[in-house]
Structure formats: C-alpha cells, structure tokens
Amino acid sequence: MRRLIALHLERLSIHRTIPALQHLLNPPNASSQDILTSRALPNARLIRAFALTNTFVSRDIGVHKAFVGRAMSLLKAATERGWSHFQNIAIDSVEEALPHADKKDFDAFVQDVTMRVALVAILDIDVSLEELDSEDIHVVSTLITLLWSLSKKPDPIPAQLLPRLNYHLRRLIHDENAYPNPLDFVIPIWETMWRVIATSVAYAHNSSHIFSKLHSSPTMDQFRYFDSTHPSVEWFVTEVMRLHPPSKRIARASLTPLFPISLPSNFTAKLFGPLLRRECADIGSVLRSKHIWGMDADTFEPLRFHSNRLTWEQEMIKSLPFGYGRFKCVAASWAPMAAGIVSAAILERLQGSDFCLVAGKSIGGREGWSGWSVVAVASSSLTSQGPESR
C-alpha cells in the first residue's frame, strides 16, 4: 500500500524556458550533495538495468570526484597523444568494422567503429584493434540498447541479459583492476557518441567536403574553419546535437515529506513514504523552439552558428546537450572534435570504390535506422539518397 500511494503522489514538472532549465540543472543555493542526489534519484533505473556504480547513479561526493578525476585523466592522455593518433585509430576502426559479407546495417557499423575507438583511443585498453571481436562488440552494443529501453519500463528485466552483456564486455576489456565495472565508463562514452557520429554521417554523406578537409588535416583549427558558404565541422556537429540531442530530457528529482507540519514525520513515512518530486528539463523542446531559433528551427542549417547570425540567447544554450552548470559533461569541449574526426574517417572510407552508404528514409536515434546500410559496391547497384527528414 505504501508503494502504491507513494507512486500515486509522485509529481512531474516539465520546464521549457531557459531560466527554468538553468535553475533546475544548476540551482543557485543547492549544495553539490543536493545536486548529485537530484540526479541519482531518476537514474536509479540504470542501476536496475546495468548495475552502474558511477557518479550518474550515486549521491556520494567521493564517487563523483573519483569518476570525474578518472575521466579527466583519460581525456588528458588522449589529448596528449594527439588528434593524428586518434584519427589513425578511427581509420583502423572503420576498416575493422567494414562488413565481411555484402551488407551491414549502418547503425551496427557505426556502433562497431565507435566501440573500438572508445576502447582503444579513450579508455586506452591494452588490446589491439585487430583483437577486438566484432561479435562481442555487436552483442555488447545490442544489449546496451535493449537494456536502456527496458530500464524505462516498469516490467522486470530478464535476469540473463546483464550477465551476458558483462561476459562479452569483459572479453573486450580484460583489465579488472583498471575497469572493475567497465559499464561505468563504456556507457557514458559510447552510448552518446555513436549516435552523434551516425547522425553526422547521415547528414553529410552527400556533401562531405568539409569533413574531407578535416580528414586531411585533423587539427582544431581545421575543425573550426569556415568560409562564406561552408560551415565548419564544429558548427555541423553542434547543429547535429541541436536537432538530435542525445538526451532530449534531463531528469531531476527530490524527496520531500508529505505532511511536514500537521502529522508526525515517522507516522507519515511509515504510511505513505516520501513524496518524490520529479522535474524535467525539456532540452529537445528548447533546442527546436521557433521563438529562439526562428522559423527554420526544425531545419538542419549549420551556418546558423555564424557569429553574424547567432543571437546571445542561442549562444547561451547551444551546448545544452552537454548539460549545464557545475555538473556539465566533462567532455563538452573535447567530444565534438572526436565525433568530427570519426565521422570524417567513415565518410572518407565509404566514398571509396568498394563500399558505399545506402540511406534510409529518415534519421534514427538509438533505434529507427531502417533502410540504412553499408554495402559492398560490387554486390549492389543501389545508390544512396538523402534522408527525407532533412
């Protein structure tokens, strides 16, 4: 009865204005402990699905500091190795992920490429790209996507899925001391990045010249280069994340007593449980708002980020896909360049004489890539067409 009443009394507030979003994600008078708690409560589903122990599901400040410190160390090491080194791993990853048969689903292909890059270039595992088994990567990718979906539903999750996921992931990441729970790092890195890369390739595959220049010169200057008619890759990736943010809604929650004044707290706690106040920052709505972005808000237009066109309001929120405030994603300034380089490596390879990209009717997300595939040119006379969603 207690649980039923508590669930019945759960409230949800959805915020769709910039001040409200900023206040929710970075409350001015809240302690770090308060913010961690508000993030951990709605993410409890990820403990149920993946048995995560990282900062995204923990209220513990020590866990947060340890995770952020490790993440910053990994990014610093990747940066010090250089973007050319990162690009070489991306190029080799594309080669390893190419279909051995005539055809491979595009989302599975990008997932394979991104997993290899994440493991070798970012997590720096002591295994060569050639040793990473494509079947292990496929199983891990498929199960992460499936468990993510199941975590959003109230039904019990089949008990065999997580052990199977961990078995295949441990075949990829052998070092138990460095990564005692590999999903704590694999999910934050891979689960978002593969979708940004897939969407970037989908938009660029018929006009990939700006990515070709980045592929020829993998530098931050080239990433940010634009001219009067062509956007920079930086703007391109920013526009991808504006139209297709990896998290369309960012949830927060807090526990409050039901009857703080009139009844004894121990009585109400036993009978009703705490009231869970759930709040949601509707990132997707703000990033497509015509009031903010104009009448072409639903149109893919990277040139909107030119300084001559960008308003102060747009500038303020263009990085919302990475969160906001004290707990903004630590990779916010690093990840777009990484996604651009991997996208460029894919686009360059699929313009060769032996493989091509066949486009579906619309751009997907975690799912929804029906019709998209990487095809051996000799096996098919199909030609790729642009997605109707443009």
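Counting from 1, residues in each chain are numbered in the order their sequence is written. Reporting of local features is limited, given that this is a predicted model, to residues whose pLDDT is at least 70; pairs of side-chain atoms are given and counted only at 80 or more, and all residues count toward the totals for whole chains, interfaces and linings. In computing side-chain values, all of the structure's heavy atoms are included and hydrogens and water are not.

Focus on the overall build of the protein chain
Numbering of helices and strands runs from the N terminus; a helix is a DSSP stretch of H or I covering at least four residues, while a strand is a stretch of E covering at least two. Across its full length, the protein chain carries 18 helices and 6 strands. Only protein chains enter the accessibility calculation, which uses a 1.4 Å probe. A residue is then buried if its area is under 20% of the maximum for its type, exposed if over 50%, and partly exposed in between. Counting every position in the protein chain, which comprises 390 residues, the buried fraction comes to 51%. Here the analysis covers contacts within the protein chain between residues at least 6 apart in sequence; of these, 72% occur between residues at least 24 apart. To measure how exposed things are, a 1.4 Å probe is used in the Shrake-Rupley method; for residues, cover is taken only from the protein chains shown. Entry remark: accessible area of the protein chain is about 18,700 Å², with carbon and sulfur atoms responsible for 54%. Contacts are residue-level and defined by heavy atoms, with any inter-residue pair within 4.5 Å sufficient.

Side note on the side chain of Glu 239
Within the secondary structure, Glu 239 is located in helix H13 (residues 233-243). Here a polar contact is taken to be a pair of N or O atoms separated by no more than 3.5 Å, where protein atoms must pair a possible hydrogen donor with a possible acceptor and residues adjacent in sequence count only if both atoms sit in side chains. Separated by 2.7 Å, the side chains of Glu 239 and Arg 242 make a polar contact. With residues up to four places along the chain from it excluded, the contact list for Glu 239 reads Thr 299, Phe 300, Glu 301, Pro 302, Arg 304 and Phe 305.

What about the pairing of strand E6 (residues 373-376)?
Alternating residues of E6 divide into Ser 373 and Val 375 and Val 374 and Ala 376, and every residue in both groups is buried. One ladder, built from 3 bridges, connects strand E2 (residues 103-105) with E6; its direction is antiparallel. Its bridge partner being in E6, Lys 104 is matched across the sheet by Val 374. Any two strands between which DSSP finds at least two bridges are classified as paired. With 4 bridges connecting them, strand E5 (residues 355-358) and E6 associate as antiparallel partners.

Some points on helix H18 (residues 335-349)
Taking 1.5 Å per residue, 15 residues should reach 21 Å; H18 reaches 21 Å between its end C-alpha atoms and fits that length. With 14 of 15 residues buried, H18 lies mostly within the body of the structure. Working rule for helices: expected span equals 1.5 Å times residues minus one.

Some details on the nonpolar core
Among buried residues, those of type Ala, Val, Leu, Ile, Met, Phe, Trp, Tyr and Cys that are joined through side-chain atoms within 4.5 Å constitute a nonpolar core. Phe 50, Phe 86, Phe 109, Leu 119, Leu 123, Trp 334 and Ile 346 are the most contacted members of the largest nonpolar core, which totals 97 residues. For this core, the element with the most residues is helix H10 (residues 183-204), which contributes 15 residues. Dropping the residues within four chain positions of it, Leu 123 is found in contact with Leu 74, Ala 118, Ile 173, Tyr 179, Phe 185, Val 186 and Ile 189.

Regarding the confidence of the model for the protein chain
Low pLDDT means the predicted coordinates in that region are not meant to be read closely. For every residue, the predictor states its confidence as a pLDDT score lying anywhere from 0 to 100. Summary statistics for the protein chain give a mean pLDDT of 90 and a share of 89% for residues scoring 70 or more. Per-residue pLDDT stays below 50 along residues 382-386; that stretch engages in 12 contacts with residues further than four places along the chain or on separate chains.

Some words on the packing of H10 against H18
Look at H10 against H18: their axes get within 9 Å of each other, and the N-to-C directions meet at 50 degrees. Classed by the angle they form, the pair H10 and H18 counts as oblique. In this structure, H10 meets H18 at a crossing whose hand is right-handed. Listed contacts from H18 to Met 193, Val 196, Ile 197, Ser 200, Val 201 and Ala 204 of H10 are Ala 338, Ala 339, Val 342, Ser 343, Ile 346 and Leu 347. Only the stretch in contact is used when a helix axis is fitted, and all axes are lines through C-alpha atoms; the angle between N-to-C directions ranges over 0 to 180 degrees. Throughout, the term roughly parallel applies to angles under 35 degrees, roughly antiparallel to angles over 145, roughly perpendicular to angles from 65 to 115, and oblique to all others. Rotating anticlockwise by less than a right angle from the far helix to the near helix defines a left-handed crossing, while the corresponding clockwise rotation defines a right-handed one.

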